[in-house]
Amino acid sequence: MGRVALVTGGTRGIGQAISVALQAADRTVIASYFGNEEAALAFSEATGIHVLRFDAADFDACAAAVAEIEDRFGPIGVLVNNAGITRDATVAKMSRDMWDAVMDTNLGSCFNLCKLTFEAMRHANFGRIVNIGSVNGQAGQYGQVNYSAAKSGIHGLTRALALEGAKFGITVNAIAPGYVDTDMVRAVPSEVLAKIVARIPVGRLGYASDIARGVSFLTADDAEFVTGTTLSINGGQHMY
Ligand code: NDP
């Protein structure tokens, strides 16, 4: 049995491609989900990947999930913090709840699961953490004060935690995807999406597999000298 890998939001969209790529790299993958049980069960059935329902924004739920995974499969060696949501509005129309939901799900979940898995990684003298940020956390995006702040926070958390992990064989990196063809992006109005694609030099939206390829690289056993970095995978849309 390969090292245990937890992918949050690992049953749909980008996370689904990441789960499949890590399975192909001989990891024992646990893909988490929260709302869409039908998609999660269909994914598990099709791939044989274990799925687990918990709210990544809730610290106690994460603690219970990590304990269950350790009990059933062993300590987590690879963590991909991929779960994310958007609640878009201009700041004038953004409620405090929209701010909190996005901060808790995108950034709070990274804190929860990094904290809850770090000691076991230290003990094993091995860990690979990848946090999924966003081009919008690098460049900013109209109507996304909450999301841009949360994703920017992920990039800062990544650099700080990389310093803490470096002596213990734990690498901590982020990926900043550009626009990727998933449900999240399909929710963007088509006229807005057309303008976005026109600004991508490669001339298309990203595929989920484009992002998974980066995760495979950053989580490889022999990637121990790559830490504290943010890998942009955006078709040349934003060079940072
Ligand atoms: P999707 O909306 O397609 O999937 C989101 C995933 O996150 C789902 O599996 C969902 O679970 C899970 N999730 C949401 N909230 C929670 C929660 N509270 N606890 C646990 N899981 C949760 O998103 P994408 O695949 O498009 O995005 C994946 C990541 O990539 C996100 O962090 C996103 O911000 C980031 N990203 C995406 C870009 C894009 O263009 N698509 C661009 C840049 C970054 P469930 O299936 O149960 O609903």
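Refer to the structure above for everything that follows.
Residues numbered from 1 in each chain as written. Predicted model: local features only at pLDDT ≥ 70, side-chain atom pairs only at ≥ 80, totals over all residues. Heavy atoms only, no water.

1. So, helix α3 (residues 59-73)
Condition: A run of DSSP states H or I qualifies as a helix once it reaches four residues; a run of E qualifies as a strand once it reaches two. Both are numbered from the N-terminal end. To estimate how far a helix should extend, the number of its residues minus one is multiplied by 1.5 Å. Working rule for contacts: check all heavy atoms of both residues, and any pair within 4.5 Å makes them a contact. For the purposes of these results, a polar contact is taken to be a pair of N or O atoms within 3.5 Å, where, inside protein, one atom must be able to donate a hydrogen and its partner to accept one; residues adjacent in sequence count only when each atom of the pair is a side-chain atom.
The terminal C-alpha atoms of α3 lie 21 Å apart, and with 15 residues this matches the ideal 21 Å at 1.5 Å per residue to within 8%. Where the residues of α3 are buried, they touch β1 (4-7), β2 (28-33), β3 (50-53), β4 (76-81) and α4 (96-124). Among the residues of α3, the N-terminal cap falls to Asp58, whose side-chain oxygen and the backbone nitrogen of Asp60 are separated by 3.0 Å. The first or second residue beyond α3 is Gly74, which carries a positive phi of 110°.

2. Let's talk about the nonpolar core
Quick note on the threshold: Put simply, buried Ala, Val, Leu, Ile, Met, Phe, Trp, Tyr and Cys residues joined by side-chain atoms within 4.5 Å make one nonpolar core. Categorising residues by exposure relies on relative accessible area from a 1.4 Å probe, with only protein chains included: less than 20% of the type maximum marks a residue as buried, more than 50% marks it as exposed, and the intermediate range marks it as partly exposed.
Membership of the largest hydrophobic core comes to 23 residues, with the highest contact counts inside it found for Leu6, Ile30, Phe54, Ile69, Leu79, Leu113 and Ile129. Listing elements by their share of this core, those giving two or more residues are β1, α3, β4, α4, α6 (145-165) and β6 (170-177). Per-element accounting of this core gives the leading share, five residues, to α3.

3. Some details on the site of the ligand
Short version of the rule: It suffices for a single heavy atom of a residue to lie within 4 Å of a molecule or strand for the residue to be listed as near it. Each residue receives one of three labels: charged for Asp, Glu, Lys and Arg, nonpolar for Ala, Val, Leu, Ile, Met, Phe, Trp, Tyr, Cys and Pro, and polar for the others, Gly being one of them.
Every one of the 31 residues lining the ligand counts as a neighbour, but Arg12, Gly35, Tyr147, Val180 and Thr182 are closest to it. Within the contact set of the ligand, an oxygen atom lies 2.7 Å away from a side-chain nitrogen or oxygen of Arg12. Asn82 has a polar backbone atom sitting 2.7 Å from an oxygen atom of the ligand. For the shell around the ligand, the secondary-structure elements that each account for two or more residues are α1 (13-24), α4, α6 and α7 (183-186). Of the residues forming the shell around the ligand, the biggest block, three residues, is contributed by α7. The residue makeup of the shell around the ligand, split by class, is 14 nonpolar, 13 polar and four charged.

4. Focus on the sheet that holds β6
Strand pairing within a sheet occurs via backbone hydrogen bonds; the two strands may be parallel or antiparallel. The criterion, for reference: A pair of strands is considered paired only if DSSP assigns at least 2 bridges between the two. What counts as an axis is a line fitted to C-alpha atoms, over the stretch in contact for a helix, and the angles between N-to-C directions run from 0 to 180 degrees.
On the basis of which strands lie adjacent, the open sheet formed by seven strands has the order β3-β2-β1-β4-β5-β6-β7 and parallel pairing. Where the open sheet ends on each side, the last strands, each with one partner, are β3 and β7 (230-233). Between one strand axis and the next, the sheet turns by 20° as a mean value, whatever way the strands run. Along the sheet face, α1 touches β1, β2, β4 and β5 (127-132) and points at about 170° away from the line of β1. Contacting β1, β4, β5 and β6, α4 runs over the sheet at an angle of about 165° to β4.

5. As for the pattern of salt bridges
To keep things clear, this is the line we draw: Put simply, a salt bridge is a Lys or Arg side-chain nitrogen that is within 4 Å of an Asp or Glu carboxyl oxygen.
Considering all chains together, one arrives at nine salt bridges under this definition. Between Asp221 and Arg27 there is a salt bridge, with its nearest N and O atoms 2.9 Å apart. Taken together, the residues span a long stretch of sequence, with Asp221 in the loop between α9 (208-219) and β7 and Arg27 in the loop between α1 and β2 at a distance of 194 residues. Judged by relative accessible area, which is 11%, Arg27 ranks as buried. In this structure, Arg186 engages Asp181 in a salt bridge whose closest nitrogen and oxygen atoms are separated by 3.1 Å. Ionic contacts of the salt-bridge type, sharing partners, join the residues Arg12, Asp181, Asp183 and Arg186 into one network.

6. Considerations on unusual backbone geometry
At Asp26, a position not held by glycine, the phi torsion is positive, near 75°. Here Asp26 is to be found in the loop between α1 and β2. Judged by relative accessible area, which is 57%, Asp26 ranks as exposed.

7. Side note on the packing of aromatic side chains
Test applied: Geometry of aromatic contacts follows a simple scheme: Phe, Tyr and Trp rings, the Trp one being its six-membered ring, pair when their centres are within 6.5 Å, and the pair is stacked under 30 degrees between planes, edge-to-face over 60, tilted otherwise. As a reminder, the over-ring test applies to NZ of lysine and CZ of arginine, requiring each to be within 6 Å of the ring centre and within 35 degrees of the ring normal.
Tallied over the entire structure, the rule returns zero aromatic pairs. Here the basic side chain of Arg3 rests over the ring of Phe126, its NZ or CZ set 3.5 Å away from the ring centre.

8. Structural notes on the environment of Ile76
Mapped onto the fold, Ile76 is located in strand β4. Those residues in contact with Ile76 that lie beyond four places of it in its chain are Val4, Leu6, Val66, Ile69, Thr117 and Met121.

9. Some points on the packing of α3 against α4
Rule in force here: Should the near helix be turned anticlockwise from the far one by less than a right angle, the crossing is termed left-handed; should it be turned clockwise, right-handed.
For the pair α3 and α4, interaxial distance at closest approach is 9 Å and the crossing angle is 35°. Here α3 and α4 pass one another in a crossing that is right-handed. Residues Phe59, Cys62, Ala63, Val66 and Glu70 of α3 form the contact with α4, whose participating residues are Asn112, Leu113, Lys115, Leu116, Thr117 and Ala120.

10. Quick word on the environment of Arg204
Considering the arrangement of structural elements, one finds Arg204 in the loop between α8 (190-198) and α9. Measuring from C-alpha to C-alpha, the distance between Arg204 and Ala56 comes to 31 Å, with 148 residues separating the pair along the chain. Excluding anything up to four places from it in sequence, Arg204 contacts Val197 and Asp210. There is a polar contact of 3.0 Å between the side chain of Arg204 and the side chain of Asp210.

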